[in-house]
Amino acid sequence: SEPFTIAIDGPAASGKGTISRAVAARFGCAHLDTGLLYRAVGAKMLEGVPPVEAARTLTAADLEAGDLRTAEIADAASKVAVIADVRAALVDFQRAFARRAGGAVLDGRDIGTVICPQAEVKLFVTASPEVRAHRRYLELIAKGARTTEDEVLADVIARDERDRDRATAPLRAAEDAVFIDTSHLGIEDAVEAAVEVIAAKR
Ligand code: C5P
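Residues numbered from 1 in each chain as written. Predicted model: local features only at pLDDT ≥ 70, side-chain atom pairs only at ≥ 80, totals over all residues.

Going by the annotation in an unreviewed UniProt entry, the name recorded for the protein chain is Cytidylate kinase, with Pseudodonghicola flavimaris given as the source organism. In its Subcellular location (unreviewed entry) section, the UniProt record describing the protein chain reads: "Cytoplasm". Annotation of the protein chain in UniProt includes, under Sequence similarities (unreviewed entry), the sentence "Belongs to the cytidylate kinase family. Type 1 subfamily." (UniProt positions renumbered as here; feature names shortened; annotations may be inferred.)

Structure (structure tokens):
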């Protein structure tokens, strides 16, 4: 079938990851969580590899190496993500993934604006900082991390600011993106809202 790209952007813990996985399953297309690319580069930086070199030599195996979903790696990811040469090194891989036969869902911060401005569908998923911090807190606690909700909220706000204020590919909605605010939506309703938008264009 024809390539069909679904771009899903939004801040940390907005629900975009959950929505992306569900939408990919529903429409039978491939899914790339682009945050993992930046997390993998961040993890390498913490091991002492210069970030631009890490980005240029990144392989699929690096995306599966260990637990990349820790608070420490999230913070490192948002630091390497401000480096223009790191972002440039990751563009081709993401664009090739987006044009796969059978369609693709990519979620991140700059998919609709920079990576896939021609995407057939663009969603921008948001929720209030407090709701997002609460979700991330529950995820971290479930994994055995020791933290507080205030600490997670401070991290979420710091990471949002770094993502919004950077010069290269800042977090923002594409002009033609459809907004989904998940602050007061359960998972099923949030997924349904996304499915409706996509089904109308498919
Ligand atoms: O989505 P996730 O929380 O895994 O992303 C980690 C970090 O990677 C983000 O805070 C952001 O700085 C960066 N990122 C990015 N562009 C993307 C995806 C993630 O800059 N497309």
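Here the narrative resumes.
Some remarks on the UniProt feature "domain: Cytidylate kinase" (unreviewed entry) in the protein chain
As annotated in UniProt, the feature "domain: Cytidylate kinase" (unreviewed entry) corresponds to residues 6-54 and 66-198 in the numbering used here. Note that residues 6-54 is 57% helix and 16% strand, and that its end C-alpha atoms are spaced 27 Å apart. Strand forms 11% of residues 66-198 and helix 54%; the C-alpha atoms that close the span are 33 Å apart. (Helix = DSSP H or I, 4+ residues; strand = E, 2+ residues; numbered from the N terminus.)

A short note on the UniProt feature "binding site: ATP" (unreviewed entry) in the protein chain
This chain's UniProt record puts "binding site: ATP" (unreviewed entry) on Gly10, Pro11, Ala12, Ala13, Ser14, Gly15, Lys16, Gly17 and Thr18. Mapped onto the elements, Gly10 comes out in the loop between strand E1 (5-9) and helix H1 (16-27). Judged by the 27 C-beta atoms lying within 10 Å of it, Gly10 falls in the buried class. One can find Ser14 in the loop between E1 and H1. Leaving out residues up to four positions away in the same chain, Ser14 has contacts with Val125, Thr126, Ala127, Arg132 and Thr182. (Buried ≥ 20, exposed ≤ 12 C-beta atoms within 10 Å, placed from the backbone. Contact = placed C-beta atoms within 7 Å.)

Some points on the pairing of strand E4 (residues 121-126)
Within E4, five of the six residues are buried, which leaves it mostly tucked inside the rest of the structure. Pairing of E4 with strand E5 (residues 178-181), which is carried by four bridges, proceeds in the parallel orientation. Within E5, the position partnered with Thr126 by the bridge is Asp181. (Pairing = 2+ DSSP bridges.)

Let's talk about the site of the ligand
If you check the shell around the ligand, you find 14 residues, and the closest are Gly35, Tyr38, Ser78, Ala81 and Gly108. Contributing elements (two or more residues each) for the shell around the ligand: helix H2 (35-46), helix H4 (71-80) and helix H9 (149-165). Tallied by class, the residues present in the shell around the ligand amount to five nonpolar, four polar and five charged. Looking at the shell around the ligand, you find at least three residues from each of domain 1 (5-33 + 106-201) and domain 2 (35-89). (Near = placed C-beta within 6 Å. Nonpolar A, V, L, I, M, F, W, Y, C, P; charged D, E, K, R; others polar. Domains from an automatic or database assignment.)

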